[in-house]
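Fold and geometry: a report
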Amino acid sequence: MTAAPAIELRGISKAFGPVQANRAIDLVVPRGTIHGIIGENGAGKSTLMSILYGFYRPDAGQILIDGKPVAIADSQAAIRAGIGMVFQHFKLVPNFTVLENVVLGAEDGRFLRRSLARARAELKHLAAEYGLQVDPDALVETLPLGHQQRVEILKALYRRADILILDEPTGVLTPAEADHLFRILRSLRDEGKTIILITHKLREIMQITENVSVMRRGEMVASVRTAATGPAELAELMVGRKVLLRVDKGPARPGAPVLEVQGLRMVDAEGVERLRGIDLAIRAGEILGIAGVAGNGQTQLLEILGGYPPAGATLSGEIRLGGRPLPLAGSQGRARRLAGIGHVPEDRQAEGLVMDFTAWENIAFGYQDAPRFQRGPLMDNAALRADAMGKIARFDIRPPDPDLAAKSFSGGNQQKIVVAREVERDPDLLLVGQPTRGVDIGAIEFIHKRIVALRDAGRAVLLVSVELDEIMALADRILVMFDGRIMGERLPAEATAAELGSLMAGVEPALADAGGAAG
Amino acid sequence: DPALIFDLGGKFDKSFNEAAYNGAERWKAETGGTYKELEMQSEAQREQALRRLAQAGANPIVMTGFAFGEVLGKVAPDYPDTKFVIIDMVVEQPNVQSVVFTEEQGSYLAGVAAALASKSGTVGFIGGMDIPLIHKFECGYAQGFKATRPDGQLIINYTGTTPAAWNDPVKGGELLKAQVSQGADVVYAAAGGTGIGVLQAAADAGVLSIGVDSNQNHLHPGKVLTSMVKGVDNSVYDAFKAGADVEPGVKVMDLASGGVSLAMDDNNKPLISGEIAGAIDAAAKAIQAGEITVHDYMADNSCPVR
Amino acid sequence: MERMPKWADVILTPLISLALAFALSALLILAIGESPAEALKVVVQGALGSSYGWGFTLYYATNFIFTGLAVAVAYHAGLFNIGGEGQAAMGGLGVALVVLALPWPHWALALPAAAVGAALMGALWALVPAWLQARRGSHVVITTIMFNFIAAALLNYVLVNLLRPVGSMDPASASFPAATHLPKLSEMALALGVDWGRNTPANISFFVAVAACLLVWLLIWHTRLGYEIRAFGKSATAARYAGISALRITVLAMLVSGALAGLMAVNNVMGEAERLVLNAVEGAGFIGIAVALMGRNHPLGVLLAALLFGFLYQGGGELALWTSIPRELIVVIQALVILFTGALDNMVRMPLERLFMALRRKGA
Amino acid sequence: MDFATLIQILDSAVRLMTPLLLACLAGLYSERAGVFDIGLEGKMLMAAFASASVAYATGSAWLGLLAGIAGAATLAGLHGLASIRFRGNQLISGVAINFLASGLTVLLGQKTFGLGGRTPSLSGAARFGEITLPFAESLRPLPVIGPVYAELVSGHTILVYVAFAMVPLTWWMLYRTRFGLRLRAVGESPASVDTAGVSVIRLRFAAVMICGVLCGIAGAYLATGISAGFVKEMTAGRGFIALAALIFAKWRPWGALGATFLFGLMEAVANRFPNLDLGVVTVPSMFMNALPYILTVVILAGFVGRAIPPRAGGEPYVKER
Ligand SMILES: Nc1ncnc2c1ncn2[C@@H]1O[C@H](COP(=O)(O)OP(=O)(O)OP(=O)(O)O)[C@@H](O)[C@H]1O
Ligand SMILES: Nc1ncnc2c1ncn2[C@@H]1O[C@H](COP(=O)(O)OP(=O)(O)OP(=O)(O)O)[C@@H](O)[C@H]1O
Ligand SMILES: [Mg+2]
Ligand SMILES: [Mg+2]
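Values in this document were obtained by computation on a predicted structure and should not be read as measured data.

**Comments concerning the site of ligand 2**
Near ligand 2 lie 14 residues; those nearest to it are Gly78 and Val141 of chain C together with Glu31, Ile38 and Leu91 of chain D. Among the chains of the assembly, those with residues near ligand 2 are chains C and D. At 3.2 Å, a side-chain N or O of His139 of chain C approaches an oxygen atom of ligand 2. In this structure, a nitrogen atom belonging to ligand 2 sits 3.2 Å away from a main-chain N or O atom of Asp37 of chain D. Per-class residue counts for the shell around ligand 2 are 10 nonpolar, two polar and two charged.

**Some details on the interface of chain C and chain D**
At the junction of the two partners, chain C supplies 50 residues and chain D supplies 46 residues. In this assembly, chain C packs against chain D so that about 4,100 Å² is buried in total across both faces, 80% of it on carbon and sulfur atoms. If you look at where chain C meets chain D, you find zero salt bridges. There are four residue pairs in polar contact (both at pLDDT 80 or more) connecting chain C and chain D. Of the residues forming the side of chain C that touches chain D, the biggest block, 14 residues, is contributed by helix H6 (residues 140-163) of chain C. Of the residues contributing to the side of chain C that touches chain D, the split by class is 35 nonpolar, 10 polar and five charged.

**Quick word on the sheet that holds strand E16 (residues 341-344) of chain A**
All names here are of chain A. With mixed pairing, the six strands of this open sheet are ordered in space as E16-E19-E20-E13-E21-E22. For this open sheet the edge positions go to E16 and strand E22 (485-490), each flanked by a neighbour on one side alone. Taken over all neighbouring pairs, the strand axes of this sheet differ in orientation by 20° on average, direction set aside. Relative to strand E20 (residues 460-464), strand E19 (residues 429-433) runs parallel, the two being bridged by five bridges. Bridged to Leu430 within E20 is Val461. Each of strand E13 (287-291), E16, E19, E20 and strand E21 (477-482) is contacted by helix H9 (residues 298-306), which is oriented at about 150° to E19, the strand it contacts most. Contacts from helix H17 (residues 497-504) reach E13, E21 and E22 within the one sheet, and its direction differs from that of E21 by about 35°.

Here is what the cut-offs are and how they apply
- Residues numbered from 1 in each chain as written.
- Chains lettered and ligands numbered in written order.
- Predicted model: local features only at pLDDT ≥ 70, side-chain atom pairs only at ≥ 80, totals over all residues.
- Heavy atoms only, no water.
- Near = heavy atom within 4 Å.
- Polar contact = N/O pair within 3.5 Å; in protein donor to acceptor, adjacent residues only side chain to side chain.
- Nonpolar A, V, L, I, M, F, W, Y, C, P; charged D, E, K, R; others polar.
- Contact = heavy atoms within 4.5 Å.
- Buried area = accessible area lost by both parts, 1.4 Å probe.
- Salt bridge = Lys/Arg side-chain N within 4 Å of Asp/Glu carboxyl O.
- Helix = DSSP H or I, 4+ residues; strand = E, 2+ residues; numbered from the N terminus.
- Pairing = 2+ DSSP bridges.
- Axes fitted to C-alpha atoms, helices over the stretch in contact; angles between N-to-C directions.

In structure tokens:
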């Protein structure tokens, strides 16, 4: 078992056109270990793993499994070699059931009935063994992301994977879910399976891996035993400079209330009540954090405040901005922006950006009718570009090319484009959803700094995040949402992760603070 | 050399363009002469074609279809030494011969034949696009039918409103079946390529059909009652033969001049009983003698019978 | 950094594709027993070899510019407007109604009025599908197909029963009064002392079409509406976030699209036929789809593609007129051109990219 | 309207819907696999021509059918080559195929038969004859089911039964077999199929070729089943109507049956009642002819919700940009 490593990569190179994503990469992963891989956005982590999984073909290099060279021409070959992979962007068929997704490509015979029956039984077994419960008949698109990820893991296990690759699995998980995942990973490792874990979170690396490799700009810059290193060193290896791992912020000096929400209710098109009477207030100069497991109404709250409630929803309650009530019904996106509300949406790719637009076009997105971008009846494209150049420089957006399409930027830089646009408008109220999901620590640091700077300039910030760490580090006050309700309010200095965690799970801690909820 | 221009339907439209083509070919075969032929591709080419042929010295230039009327009115004065012949339309210019057919008369005879050949007393008419020219056929047919069988039923269908209406044999067949299911047992088709489908379906269903423009009796021997033949071929032949001496003015091709007629040949001989032949002859004579006037739909856009 | 230089992408690739399409066409001509060289000569001579040929090529191109732009504008909003045929037909009705309604003293007055009539009718014909798409979710592809048929029926009725002069055999409107006849390009050239394209249908509408290209370019890339149309077309969810109304954009984009298709009537109905005839559009609405797609939905591309199709249309017409090659050959050639330049372009691009990458590596 | 008329109209609807149904199912396979196809019209036209020509030359409708399938499949292969292998624009490829078929059929037809693109009329074994089902005549006297069986169910060409049988077969293929599961998946999320170790290209090609085969049957039905020979442009827009029906059906097999039946029925009704007399006015024939299209719009607007196409439809599968 100790003899040959489970995986050995030798000299893997891969170019996408002119982009050299991987450059002569070597990697050794011993059997029965959890191996971490870290690196900035665009460092080439996903590419390397996709090559191992046969999704991409390397331009050069060799792959050895258990010491034997194998040709991995496609994913079929990888699966046969015992490799399973959970992609960063899940590869699930959204309108298929869990069962159908698990069976796809691994059917027994031409007809489905047998395959489905076997998968159902096998799934039950796997669920029991690893705590991977999901409803086999649920449509994947209706499942929360955490459960979709379980489906991906189940897919790999169903195919009897011996080597499991997880690409940023915790980006979409709550702390509790992440813990759960890690327990599963440990038990898989203990059974002798080999696991590769890609993550941006150094804490996770330290917590669960035996070894860690660091990638930078397509190269493997270091591979070390986790015990022999620390977060600061890893961060420096990754980014190539020293990184501040804590948010550096002074005490808040809250002023007058900017946003007041009272009795906000929302019933969606299917008749499900998603918000059940939300009361909250945010004052100038403070960051109000909303913690909660994804799917408990935070998304809807942000969308309603941002002025675009889900289609077919019925709204009631009151929203006041600077004391003046805002209309609830209809598409209010423009009006809200004019009224001084900036919004960094949760899903930058689907909402915050038009992926096919260039960077400079995206810099005006949502503000296309701002007078300074107009010249008579036409749009002042020169002004737009100039504006974009400024933001690109100030936010260190890379590459600094305003003509590049948004989809050609890495995730972190895409997020910077959105943040730059919304923050530099200097809004009275900034709505921020999941600002650092899938973003590398260099960019996280930068984005956090800008949010704090906005607060310090006397603006109000509403921060929604499923990252408890992020909430704890940034927020001046924390509300916890569960099932469309505010479960309680805490101050970050006083709250413990455990306490917040149980609120997030809908459990009132024993010493429930009766007047907790704001309002 | 003479020249012949076909309208947009193309020279193999199974209809009057094809008849014109046949006339030209007959002239060619008989005289060994050559002629220039053109098929229209688009509306804008009409004028182009006319001018280019005139400049090239073609004489006479024969064209089929009323759609040339407008353009010819414009072009003819520019080439006073060239003779033009237009079929199916009247253009009043000193160097233009306008050939028009009394389709209503031929169709009247078809109506008479249908009335007598029908056992059920119900007959049908299937037209291509709903345009005045086709109403002319329909109206003559209706008059002949009603005159012979006043209590008879006439079912009328038009195939469509796009150019596809002339090239949809499937729809033609279906329309025929619909008419048959309503009792029709003789159906007159004036619908170009769609008519091919009508005749076919009629043969399949065991009812009689009446062809149009050219003699279509041979398509389904013994199953096509007759065809209302428009002598376009003869007109083209005559024009070619006359050459540059084509006589300008309006030339009405009616029953009397043999411009329109019902086709009688071996293919439909068994279908034409003495009674039918007699009635057709009588009607034809009466029309030629002026005892029967067949109303022309075009005269007032209406039909006395329906 | 790109895989190959931009010029190679926008010029070299289409040229090679075009060459392939023509090579295949040549084989086909050989196969039916004719001479490709002769055919090529007739086509090029007929379409481009004389001012006369150009007069036709530009006339057809004008039609295709309008319908191509119509498809392109809708496409930017993520809508596939197959209804150009019907919209252009209705535009013809608009022109006829305007021109025949008043005793216009001069074409310069009649032209703008007729253009408005054409655009309004075309837009009207696109409005219902647009509204149904935005409000009821009825797919615009189906509704515009249906509206093509309905337009044909309506026009058939109007021409036969309402606009046809009494006693006329022809299902067509009365001829337009001489005062409303648009100046032909040949007449305009003659006024400048140039004998150009005598008796050809190309007329002042060509400049209207070129102006329309420019306006569409401004609209799509230099106005707020264009920005919003593109944003909506590329990502409907992002558009919601940005406060862009789906109803407004869908309706506006389709109105502009329909109006452009309708405007074609200024060329064929007012400029050429000088009356409204049945089936005046002659499939230009469908060719517009190919033109827009080949022109990559960019007005300049549309202009060039329209010229190419105008060339093929006229050259092919000549071929059919003056040789024994059936006119359908040109339809096949058009198909091959569309196929190779529009759909099989990567067949050329991929090896070219590899070539340029290799060259670059060697150079580096 | 009496019962007999109803049966006749339904009977006509069945015949008219058959080519639409076949083409619609053809489109269903292709589009469910993520390849849009506006070239149904062209493939049918090519098939109609090929089947009529070969049936005429050989005197066998069955050989004609094979030729029709081959003709349509060739064009389908071209579509696959352009839109799958070379990741071309699927709409453009479809448009090109329509043009290609429209030109080639006439060109080849003229070259071969010299009839301006028409083929000679077919007769006898060169056409598919109507099949009388067992007991049709003996059951006829029974009330209701008698005529329904004898007139409506019995008496169509074999291709009609093939078309109807394709509906449950397609449903079963799509939802009950491995191939169907993968086919549906590749139209929704090709990357899932790829990472599951199944070739996206092969699957899509298979779907596109099935589409070709079904278009081939549809075309053969037009030329050798319901009529007797090829006439240029004889598809007369049916490919587009089938496309509309496909969207109407929301890309589902039973929906396709319903949608194409509706189109067939409306055409049959308009054929049967060409002059609707409303007492005061008679509706002109033009509007009766347009009625199916008008009603489609009304039904679409009134009763059918948003049709969501397969998510990956229209986009070539590109994993390396
Ligand atoms: N399919 C592709 N086509 C072209 N370029 C690609 C493709 N996938 C990745 N790249 C490029 O390759 C480089 C490496 O990307 P990769 O996704 O491997 O980075 P990563 O380390 O996983 O980043 P992240 O942390 O954002 O997930 C980037 O520059 C990226 O833009
Ligand atoms: N063959 C076809 N079958 C079904 N639908 C088609 C077909 N061709 C085109 N369409 C529809 O027409 C549109 C094509 O235009 P486009 O490529 O902009 O698509 P799209 O962006 O997906 O459009 P949409 O705005 O409807 O989502 C699509 O909406 C598509 O559904
Ligand atoms: Mg990655
Ligand atoms: Mg779109």
